[in-house]
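# Observations on the three-dimensional arrangement
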Amino acid sequence: MRKIIFLATLFFYSFIANAQNVLLTQTIKGIVTDEQSGNVLQNITVSVENASLQLNSITNDKGIFKLVNVPIGRQTIRVSAIGYEDVLIQNIEVTSSKEVVLEIRLKEKIKKLDEIILKSGKSKTRALNEAAIVSARQLSTDEAFRYSGTRSDPSRMAQNFAGVSGTNDGRNDIIIRGNSPAGVLWRMDGIDIPNPNHFSTLGSTGGPVSILNINTLKNSDFLTSAFPSQYGNAIAGVFDLKMRNGNNEKNEFLGQMGFNGFEFGAEGPLNKKTKASYLVDYRYSMVATLQKIGLNFGTGSATPYYQDVNFKINLPTKNMGTFSLFGLGGESHIHFSPESQGKDNLYSSNDGSVRDRDFKSLTGVLGLSNTYFFNSGTSGKLLLAVSGFSSKYTEEIMELNKPNTPAFYKKNEQVKYSAGYNFNKKFNSRSQFTAGIAADINQLKLKQDYIKDGDSVLVTLVNSNETATLIKAFANLGHRFSDKLSSNLGIYYQQFIINNTQSMEPRWNLKYQFKQNQSLSFGAGLHSQTQPLEVYFYQSKNNLGQTAFTNKDLGLVKSVHGVIGYDINFSKQFRLKSEIYAQYIYNAAVEKTASSFSILNSGTDFGFPDKTNLINNGKGYNYGFEITLERFLHEGFYWLFTTSVFQSKYKGSDNIWRNTAFNSNFVINALGGKEFKLNPKTTFGIDSKLTVTGGQRYTPFDITASKNAGYVMYKENEAYGEQNNTYIRWDLKFSYIRNLRKVTQKWYVDLQNLTARENIYVRTLNPKTGTINQISQIGFFPNINYQITF
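One structure accompanies this document, and this report is about it. This is a predicted model, so every value here is computed, not measured.

## Some remarks on the pairing of strand β44 (residues 781-789)
Taken together, the four bridges between strand β16 (residues 252-258) and β44 define a ladder with antiparallel strand orientation. Across the sheet, the residue bridging to Gly-255 is Ile-788, located in β44.

## A closer look at the side chain of Asn-665
Of note, Asn-665 is situated in the loop between β35 (657-659) and β36 (666-679). Residue class for Asn-665 comes out buried when judged on its relative accessible area of 18%. Engagement of the side chain of Asn-665 in a polar contact is seen with the side chain of Asn-663, the distance being 3.2 Å. Of the polar contacts made by the side chain of Asn-665, one reaches the side chain of Arg-697; its length is 2.6 Å. For Asn-665, the contacting residues outside a window of four places in its chain are Ser-644, Val-645, Phe-646, Gln-647, Arg-697 and Gln-723.

## Details of the pattern of salt bridges
In the structure shown here, the tally under the stated rule is 43 salt bridges. Of the charged contacts in the structure, one is a salt bridge between Arg-74 and Asp-142, with a shortest N-O distance of 3.7 Å. Pair noted here: Arg-74 is in strand β5 (residues 73-80) and Asp-142 is in helix α2 (residues 141-146), with a separation of 68 residues, a long-range link. By relative accessible area, Asp-142 is classed as buried at 16%.

## Here's the deal with the pairing of β36
As paired strands, strand β34 (residues 637-651) and β36 are joined by nine bridges and run antiparallel to one another. Along β36, the bridge assignment pairs Trp-639 with Gly-672. One ladder, built from 12 bridges, connects β36 with strand β37 (residues 682-693); its direction is antiparallel. Directly across from Gly-672, in β37, lies its bridge partner Ser-688. Between the antiparallel neighbours β36 and β37 lie two residues.

## A short note on empty space enclosed by the protein
This model, assessed by the stated rule, comprises nine cavities of 30 Å³ or more. In this structure, the largest cavity occupies an estimated 770 Å³ of space. Lining the largest cavity are 44 residues; nearest its centre among them are Ala-182, Gly-203, Asn-233, Gln-529 and Thr-530. Of all the secondary-structure elements, those providing two or more residues to the lining of the largest cavity are β12 (184-188), β23 (405-426), β24 (431-451), β25 (458-480), β33 (614-634) and β34. In terms of residue class, the lining of the largest cavity is built from 19 nonpolar, 20 polar and five charged.

## Quick look at unusual backbone geometry
In most cases, non-glycine residues show a negative phi, while peptide bonds are predominantly trans. Of note, the phi angle at Phe-199 is positive, near 55°, even though the residue is not glycine. For Phe-199, the location among the structural elements is in the loop between β13 (191-192) and β14 (217-223). With relative accessibility at 6%, the residue Phe-199 sits in the buried group. A positive phi angle, near 55°, is found at Asn-233, a position not held by glycine. The residue Asn-233 is located in the loop between β14 and β15 (237-243) in this model.

## Details of the nonpolar core
Note that soluble globular proteins tend to have their nonpolar side chains buried in a common cluster. Counting residues in each nonpolar core, the largest one holds 33 residues, and the members touching the most others are Leu-139, Met-188, Phe-222, Phe-239 and Leu-241. Secondary structure elements with two or more residues in this core: α3 (154-158), β12, β14, β15, β20 (322-336), β22 (378-397) and β34. The residues touching Leu-241, leaving out its near neighbours within four places in the chain, are Leu-139, Trp-186, Arg-187, Met-188, Asp-189, Leu-212, Leu-217 and Ser-220.

## Let's talk about a nonpolar patch on the surface
Residues Leu-368, Tyr-372, Phe-374, Leu-382, Leu-384, Tyr-421 and Ile-437 make up a contiguous nonpolar surface patch of about 610 Å² in total accessible area. Broken down by secondary-structure element, the contributors of at least two residues to the nonpolar patch are β21 (355-375) and β22. Examining the composition of the nonpolar patch, we find that three residues originate from one element, β21, more than from any other. On the secondary structure map, Tyr-421 appears in strand β23. By relative accessible area, Tyr-421 is classed as partly exposed at 34%.

Here is what the cut-offs are and how they apply
Residues numbered from 1 in each chain as written. Predicted model: local features only at pLDDT ≥ 70, side-chain atom pairs only at ≥ 80, totals over all residues. Heavy atoms only, no water. Pairing = 2+ DSSP bridges. Helix = DSSP H or I, 4+ residues; strand = E, 2+ residues; numbered from the N terminus. Buried < 20%, exposed > 50% of the residue type's maximum accessible area, 1.4 Å probe, protein only. Polar contact = N/O pair within 3.5 Å; in protein donor to acceptor, adjacent residues only side chain to side chain. Contact = heavy atoms within 4.5 Å. Salt bridge = Lys/Arg side-chain N within 4 Å of Asp/Glu carboxyl O. 1 Å grid on protein atoms, 1.4 Å probe; cavity = no way out; pocket = protein on both sides within 12 Å on 5 of 7 lines; lining within 4 Å. Points joined across faces, edges and corners; volume = space filled by probe spheres on them. Nonpolar A, V, L, I, M, F, W, Y, C, P; charged D, E, K, R; others polar. Core = buried A, V, L, I, M, F, W, Y, C linked by side-chain atoms within 4.5 Å. Patch = residues over 30% accessible without salt bridge, like charges linked within 9 Å, V, L, I, M, F, W, Y side chains within 5 Å. Areas by Shrake-Rupley, 256 points an atom, 1.4 Å probe, with all protein chains shown as cover.

Structure below.
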């Protein structure tokens with residue numbers, strides 16, 4: 001018996017040892033296309049850069065390649081072809097559970113150049129949109145997973161870049177070069193979409209939790225100034241997001257749990273012959289789930305509930321081009337009972353009354369596109385979409401032995417129908433022409449009743465069923481004068497039908513690569529944006545007692561951008577980029593009577609100021625200097641340092657120049673990390689981030705006036721004259737990745753605000769006592785995530 005046990009034990013350990021020594025491999029596949037035309041390229045050589053391996057593939061007539069039996073770990077791919085610039089795709093993460101799918105775009109040569117160093121198909125120092133050559137950078141999904149403090153959120157990922165700040169731990173609003181977050185445009189697969197965040201409101205661009213899922217996105221573009229003519233109705237920045245296709249040959253699955261919730265994803269082929277595929281991912285709030293099974297996180301009844309789904313179906317056809325259907329949607333709600341709000345806290349009302357609050361939001365987008373090639377250099381893309389948004393917020397005053405009294409009711413509903421067509425023509429290796437036209441038809445149902453400060457009667461601010469249509473068109477000519485000099489000249493036009501306001505906007509950029517590793521760039525253009533839609537329909541009584549829409553004739557706010565940039569690559573892994581910029585804003589909405597108010601200071605809250613009688617007399621300006629120093633991931637080590645120094649000012653109808661609410665003056669980010677390969681199947685990583693930012697501006701309370709009035713009042717003549725203390729936050733992240741046969745497990749422990757520094761979030765005032773209470777942002781917060789793919 002002992003011999004049998006001994007032999008069985010020996011066999012077991014021998015089996016485990018052999019399993020440990022099995023070389024795990026995976027497939028790298030994808031498609032190669034021409035960067036300018038977007039058409040597929042055949043007979044392109046794709047090979048693994050590994051001295052011990054002889055792995056290569058040639059693209060077929062559909063531009064597809066496949067490399068099999070590639071060892072797991074970080075790999076480098078070389079792509080080469082006669083007549084095109086060679087590229088090197090470095091640090092591709094190859095795991096045992098999921099095939100690696102790449103989309104590689106090659107630039108046709110004018111003259112022979114040295115190799116170009118790429119990350120996931122194109123250098124991350126350049127935008128995917130070849131017309132965006134200034135103030136633009138790729139959002140890498142690999143970095144979103146790797147960087148500490150991002151919570152796998154594209155918005156929080158962008159906060160690491162120069163010129164971007166986000167000093168609100170509770171929301172992911174993006175402040176770009178001192179601009180309001182309301183000036184940011186969100187785009188998905190060529191379609192402008194509503195705010196893709198949970199607990200969002202009409203016209204805002206941020207929120208506490210993102211609906212977007214990094215597991216379904218591929219590398220995308222983030223633009224911060226002087227963006228080309230393809231983008232409009234934005235004055236601050238652009239998120240040009242792209243959802244990836246599912247694996248068209250193999251079913252793959254994902255499970256994950258962490259701060260963003262419990263998640264399940266699947267992808268695979270719909271038809272292997274036609275290469276049709278699907279991709280779907282569903283997520284549900286973790287806190288809500290755990291409380292349902294009896295676990296208490298100390299949040300009382302104020303539990304955030306949310307769920308979301310992202311999906312994409314890709315359908316190539318033989319004669320009708322490629323159809324793509326994508327969708328994303330999210331539902332969220334939260335209830336703040338008086339018990340959950342506490343005393344003198346963030347949810348204190350202006351008059352000090354005890355209130356019961358409830359908030360719900362619903363967002364959804366469904367988009368369909370068809371890309372068709374008329375010939376190898378000419379294509380068209382049809383875009384159709386419908387999106388919906390709804391939010392409802394209520395407040396009721398609670399008094400002992402009395403029924404609740406409605407104090408605030410707001411419900412906004414928006415259904416947007418979008419249609420557009422884009423045309424692309426590559427004339428030759430030097431010249432490319434793109435143009436497009438689109439229309440957004442917004443059907444709005446807006447309702448808001450509230451009790452004004454100092455009053456006890458419920459009045460109506462807005463009660464409208466309206467249609468607001470925006471017509472957009474653009475054209476852009478890109479030309480490469482030589483290998484060193486390239487430029488884009490474009491024009492953008494938009495017309496807001498509801499009041500017939502319009503804008504014709506020239507755009508121009510230029511890049512001069514005066515040395516192989518150094519370049520200068522320049523960009524300039526005029527940009528405009530509609531006011532937040534609900535603001536147009538605020539109502540008030542005129543002198544005759546009639547209801548009037550005094551904001552309905554507001555024109556577009558306009559902004560002139562100018563940027564000069566310098567870029568130098570000291571080596572293949574080390575880069576410096578600097579930009580100096582200026583922005584002049586005019587036609588901003590301000591009050592008709594003299595005051596310090598400007599719409600330029602709104603956008604980081606759950607609504608917009610209830611101001612009527614607005615006119616387009618406001619102004620503003622931003623200018624600054626940015627530096628990015630970066631060591632790309634190489635031999636497991638990377639670091640990134642960004643710093644921005646800027647001024648952001650505005651002028652209301654009182655003609656006094658003041659700091660904007662977003663003029664924090666400086667932002668510094670320092671990130672770094674190291675991957676340790678413990679064995680061929682296991683990796684351990686350490687990543688860290690330090691953020692130091694000037695404090696946000698705020699308007700001081702007028703305590704005496706507040707006591708006399710019985711509700712909170714501010715010293716409006718000192719608007720944004722005070723500044724919070726410097727915001728400092730240090731995050732430290734540990735990761736552990738284990739590959740098994742056809743299964744990969746990843747653990748992340750992200751220790752956010754490791755020093756538990758009490759950064760100021762907001763101040764509240766009790767108007768009865770005159771007591772000011774300071775609310776801090778998150779303390780030490782351990783964000784633990786687990787992911788399994790198979």
